[in-house]
Amino acid sequence: MITLVKIVGFDLETGGHVFQLHFTSAQPMNTNTFLGQATGDWSKVDVFFGFNL
């Protein structure tokens, strides 16, 4: 079964800091599990939120 990973993200730059905000259908954030274990389904509003500072 092929799972389509959907991602929406953006960066906010403020005075030397960068805040990255992500909305995705995959819970893991590293490459090894990100592509193979996307369990969310956007049609069921199953979206995960992540951020980096």
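Attention here is on the structure that accompanies the text. Since the model is a prediction, treat every value here as computed from it, not as a measurement.

1. What to know about the side chain of H22
- One can find H22 in strand β2 (residues 17-24).
- Among the polar contacts listed, one links the side chain of H22 to the side chain of N52, at a separation of 3.5 Å.

2. What about a nonpolar patch on the surface?
- On the surface, a cluster of nonpolar side chains totalling about 850 Å² of accessible area is made up of V8, F10, L12, F19, F23, V47, F49, F51 and L53.
- Of all the elements in the fold, those that place two or more residues in the nonpolar patch are β1 (7-14), β2 and β3 (48-52).
- It is β1 that provides the largest number of residues to the nonpolar patch, a total of 3 residues.
- Considering the arrangement of structural elements, one finds F49 in strand β3.
- Since its relative accessible area comes to 48%, F49 is described here as partly exposed.

Definitions and cut-offs
- Residues numbered from 1 in each chain as written.
- Predicted model: local features only at pLDDT ≥ 70, side-chain atom pairs only at ≥ 80, totals over all residues.
- Heavy atoms only, no water.
- Helix = DSSP H or I, 4+ residues; strand = E, 2+ residues; numbered from the N terminus.
- Polar contact = N/O pair within 3.5 Å; in protein donor to acceptor, adjacent residues only side chain to side chain.
- Patch = residues over 30% accessible without salt bridge, like charges linked within 9 Å, V, L, I, M, F, W, Y side chains within 5 Å.
- Areas by Shrake-Rupley, 256 points an atom, 1.4 Å probe, with all protein chains shown as cover.
- Salt bridge = Lys/Arg side-chain N within 4 Å of Asp/Glu carboxyl O.
- Buried < 20%, exposed > 50% of the residue type's maximum accessible area, 1.4 Å probe, protein only.

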